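# Remarks on the overall topology
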Amino acid sequence: MKVILATLNAKFIHTSLAIRLLKAYSGNEFDIDLAEYTIKDPVMNIVSDLFQRRPDVVGFSCYIWNIEETIKVIRLLKKVLPETAIVLGGPEVSYDTQHWMERVRDVDFIVMGDGEETFHHLLQELSGDRKFHFVFGAAYRKGEEVVINPPRPKSDLNTLPSPHRFPEDIPNLGKRIIYFETSRGCPFSCQFCLSSIEVGVRYYDIERVKSDILYLIEHGAKTIKFLDRTFNINRSYAMEMFQFLIDNHQGCVFQFEITADIMRPEVLDFLAENAPPGIFRFEIGVQSTNDPTNELVKRRQNFAKLTRTVTKIKDSGKIDQHLDLIAGLPEEDYATFRKTFNDVFALRPEELQLGFLKMLRGTGLRNDAAKYNYVYMDHAPYEILGNDVLPFSDVVRLKRLEDVLEKYWNAHRMDHTLEYLVSREFDSPFDFFQEFGDYWEERGWQRIGHQLEDLFARLHEFLAHRGLKRPEVALGLMKLDYLLGHKYKPRKIWWEDRLDKDRRSGYFKALAEHPAALSADFAAYGLDERELQKYACLEVLPFRLGDVLAGKEAPAEPAAQSGAAVTAIAVDTATVADTDSATDKTIATDKDSIADTTVVTTTVTVTDTVTATDADAITDTVTATDADAITDTDTITATTIATTGAGAVADQLSATSEATLLIVLYQQSEDERPVFFHVPLAIPLSLAPSITGR
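Report follows, based on the coordinates. (Residues numbered from 1 in each chain as written. Predicted model: local features only at pLDDT ≥ 70, side-chain atom pairs only at ≥ 80, totals over all residues. Heavy atoms only, no water.)

## Re the overall build of the chain
In terms of regular secondary structure, the chain is built from 24 helices and 26 strands. Within the chain, buried positions represent 53% of all 694 residues. Sequence-distant contacts, at least 24 apart, represent 74% of the contacts inside the chain between residues at least 6 apart. Here the chain has roughly 30,100 Å² of accessible surface; of this, 49% comes from carbon and sulfur atoms. (Helix = DSSP H or I, 4+ residues; strand = E, 2+ residues; numbered from the N terminus. Buried < 20%, exposed > 50% of the residue type's maximum accessible area, 1.4 Å probe, protein only. Contact = heavy atoms within 4.5 Å. Areas by Shrake-Rupley, 256 points an atom, 1.4 Å probe, with all protein chains shown as cover.)

## Examining the sheet that holds strand β1 (residues 2-9)
In sheet architecture, strand pairing relies on hydrogen bonds along the backbone and comes in two forms, parallel and antiparallel. On the basis of which strands lie adjacent, the open sheet formed by seven strands has the order β2-β1-β3-β4-β5-β6-β7 and mixed pairing. Of all the strands in the sheet, the pair left with one neighbour each is β2 (31-38) and β7 (145-148). Put simply, the sheet's adjacent strands are angled 20 degrees from each other on average, direction ignored. Inspection of the sheet shows strand β3 (residues 57-61) paired to strand β4 (residues 85-89) by five bridges, in the parallel sense. (Pairing = 2+ DSSP bridges. Axes fitted to C-alpha atoms, helices over the stretch in contact; angles between N-to-C directions.)

## Focus: the packing of aromatic side chains
By the definition in use, this model includes 42 aromatic pairs. Ring centres of F341 and F433 lie 6.2 Å apart, and the angle between their planes is 65 degrees; on these two criteria the pair is classed as edge-to-face. Pair noted here: F341 is in helix α11 (residues 334-345) and F433 is in helix α15 (residues 429-442), with a separation of 92 residues, a long-range link. Of the two residues examined, F341 and F433, each falls in the buried class. If you follow R366 out to its NZ or CZ, it ends over the ring of Y382, 4.9 Å from the centre. (Phe/Tyr/Trp six-rings, centres within 6.5 Å; stacked < 30°, edge-to-face > 60°. Lys NZ or Arg CZ within 6 Å of the ring centre and 35° of its normal.)

## Examining the environment of K222
Secondary-structure assignment places K222 in the loop between α6 (206-218) and β11 (223-226). Here the alpha-carbon distance between K222 and R176, two residues 46 residues apart in the chain, equals 7.8 Å. Apart from the residues lying within four places of it in its own chain, the contact partners of K222 are L173, G174, G251, C252 and V253.

## So, the side chain of E92
One can find E92 in the loop between β4 and α4 (97-103). Buried charge E92 goes without a salt bridge, the closest partner of opposite sign being R361 at 4.1 Å. Side chain to side chain, E92 and Y382 meet in a polar contact 2.4 Å long. Residues within four places of E92 in sequence aside, it is in contact with C62, Y63, I64, I67, W100, R361, A380 and Y382. (Lys, Arg positive; Asp, Glu negative; His and termini not counted. Salt bridge = Lys/Arg side-chain N within 4 Å of Asp/Glu carboxyl O. Polar contact = N/O pair within 3.5 Å; in protein donor to acceptor, adjacent residues only side chain to side chain.)

## Looking at the pattern of salt bridges
Inspection of every chain in the model, using the stated rule, returns 45 salt bridges. The partner of K2 in a salt bridge is D31, and the shortest N-O contact between them spans 3.7 Å. Taken as a pair, K2 in strand β1 and D31 in strand β2 lie far apart in primary sequence, 29 residues in all. A residue is classified by how much of its surface remains accessible, and D31, at 42% relative accessible area, is partly exposed.

## Focus on the side chain of N149
As for its position among the elements, N149 is in the loop between β7 and β8 (177-180). Here the side chain of N149 touches V135 through a polar contact of 2.8 Å, landing on its backbone oxygen. Excluding its chain neighbours within four sequence positions, the residues that come into contact with N149 are M112, F132, H133, V135, F136, G137, A138 and Y140.

## Observations regarding the sheet that holds β11
Strand order in this open sheet of six strands is β8-β11-β12-β13-β14-β15, and the pairing throughout is parallel. Strands at the two margins of the open sheet, each flanked by one partner only, are β8 and β15 (351-356). Mean inter-strand twist for the sheet, computed between neighbouring axes without regard to direction, equals 20 degrees. As paired strands, strand β14 (residues 320-327) and β15 are joined by six bridges and run parallel to one another. Across the sheet, residue L325 finds its bridge partner in β15, namely L354.

## Here we look at the environment of K318
Tracing the sequence through the fold places K318 in the loop between α10 (303-316) and β14. Expressed as a C-alpha distance, the spacing of K318 and L271, which sit 47 residues apart in the sequence, is 8.4 Å. Non-local contacts of K318, meaning those with residues more than four positions away in its chain, are made with L271, A272, E273, N274, A275, P276, P277, G278, F280 and I313.

## Structural notes on the nonpolar core
In globular proteins that are soluble, nonpolar side chains generally tend to be buried together. Counting 107 residues, the largest nonpolar core has I213, F280 and F282 as its most contacted members. With nine residues, the single largest contributor to this core is helix α17 (residues 471-484). If near-sequence neighbours (up to four positions away) are discounted, F280 is found in contact with F242, L245, I246, F254, F256, L271, A275, K318, I319 and D320. Core analysis: the next-biggest nonpolar cluster, separate from the first, contains 45 residues, I46, L77, I110 and C193 among them. (Core = buried A, V, L, I, M, F, W, Y, C linked by side-chain atoms within 4.5 Å.)

## Digging into the packing of helix α14 (residues 415-425) against α15
Relative orientation of the contacting elements α14 and α15 amounts to 110 degrees, with a least axis distance of 8 Å. The orientation of α14 with respect to α15, classified from their angle, is roughly perpendicular. Every pair of crossing elements has a handedness; the one defined by α14 and α15 is right-handed. Touching L418, L421 and V422 of α14 are P429, F432 and F433, all from α15. (Parallel < 35°, antiparallel > 145°, perpendicular 65-115°, else oblique. Left-handed = near helix turned anticlockwise from the far one by under 90°.)

## Observations concerning the pairing of strand β13 (residues 280-287)
β13 sits mainly inside the fold: six of its eight residues count as buried. Summarising the sheet, strand β12 (residues 253-258) and β13 pair through five bridges and their orientation is parallel. Along β13, the bridge assignment pairs F256 with F282. A crossover links β12 with its parallel partner β13, the connecting element being helix α8 (residues 265-274), and its sense is right-handed. One ladder, built from six bridges, connects β13 with β14; its direction is parallel. Bridge pairing in β14 places I284 opposite L323. (Right-handed = clockwise from strand over helix to strand, strands pointing away.)

## Examining the environment of V375
Following the sequence through the fold, V375 ends up in strand β16 (residues 375-376). Each C-alpha atom of the pair V375 and D388 lies 9.2 Å from the other, and the pair is 13 residues apart in sequence. In this view, V375 contacts I384, L385 and G386; residues no more than four positions away in its chain are not counted.

By themselves, these figures tell us nothing about what the structure is for.
Encoded structure:
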């Protein structure tokens, strides 16, 4: 009897642990092959591949992300292989089994709950006496009748063979995410989660777990994701595993779901002191900080302790954290969810995922849906459309927020820019993402694709439309983020370059001749002028970059002091060019202290009248009281809106002593990331008095 165990993964990079568990348990007695596809594969291609193999039995592993596509495959497969037995299993069909047997009449059997023993028994009956009523944990058809057998007792996990030792998996171990479980079950009772249905937690023997993990690492695994619902529920087990992984990781990355508010201080201290940077990644489900909501869904959570854990982990700088929120839980309206979002965003997780409540089959919340007037999708993923406190209009608004949150914050394309915006320019992080998401929708950008340069241009357009207190700071930080997002020096920039060739060469010459004036770290690279031209980008920013990055208040502007409302978008108008994805992290070297050795006196001559939309030339003559004489004639182009005339704007734009020279240095190796340095502009000017013009 030929058996194929199949599933449709979300992406090729994912692997299915379920079908490997079934093969490991039954493969010695039956001829079993594995077949993994993706939900993006054409149905006809999947059916054609299965047809060529001529199976007697096909089993599909079913989840909310693949059930609808799987049904399409089943219906077509049954037409071309009518004698083949179709078996479903997995969490999506283990509940409301009668519904699935009635809805998909091409399905012959459903395996409910733990599948290893039940599926093995079913195969024995299919190849033998076909007494299906003996197969506990299975549903089957008896003529037109659907028969659902009693459940099977939970498996003893230590009797299950390892699913991680198949030779055919070895070539792809380093290319895909390996899913691994050390336990099954969850000790909590969250009413929106399927894991709450099973009472208690069962563990695999820890020595067996270590052996399997070591096998995977030694055969090339690069990413292992643990499926345990709460990896740290057993402190001694978790600590022993953490120590083992620290000792044996060999560069492999491990991802865990943890419950943060039960993480003990000694565990946090151990991780902070011993975890190598980058090998652990924690996923933490916060869901809501609204106490009445958490009480209704039977979720015990101490947000103060959770905050302590997340902060301690973040401060260690060694472990990335992915925090989850769920919009649409009971009694969580738009206003309270805004607070939840801001509470969690304040922790600055590396990723913040905003999900929407899914009314999963078998959960307590789905059973109580009428109590809260839930309206939700009929088919998977059963996402809510509204309830008695969160109407569909608010759901749609939060969808817009979620879209730009994913594109900008979670993608880490503009970390410096976003930190400034959410901290200094908008009332709260929620308000920034919501306003930007609303504008994105108004402009129709959700209907068209985007490249990296589009993301910068669209943010720039939104900020110009809205108006900022310090738009020149936002623009300067966007330039910084763009330059840092490349492994190699970019050939194009998306803004108009106003630094001419002679001025740029003068700066490079000064930096090459006096690198220590910038910093000892910069001098350590030992680059000459030609190498700087090849490997470095320069930008002049009209503000103190060091102060902004340190979160210090920007100096009060003259116009603001006089009570005038001034908005200036200084220096450039964006012109977009193509580039690569900007995801790299950077290292900053702040040498603001150098400025203390140089005293600069600035005098200003305004050569034209400033109006609301004119681009005006302002000449700054910078005279240094140092031994070196500096003549810095600099034309600054700005778009300004002023209510007090030319004088105030001239004062605002004249402060060359506030300007910063930004240097982004690209490495010569593909594995090295760019670094940036910054220095008050007066320093390189004092080193190269001949620098003049633009």
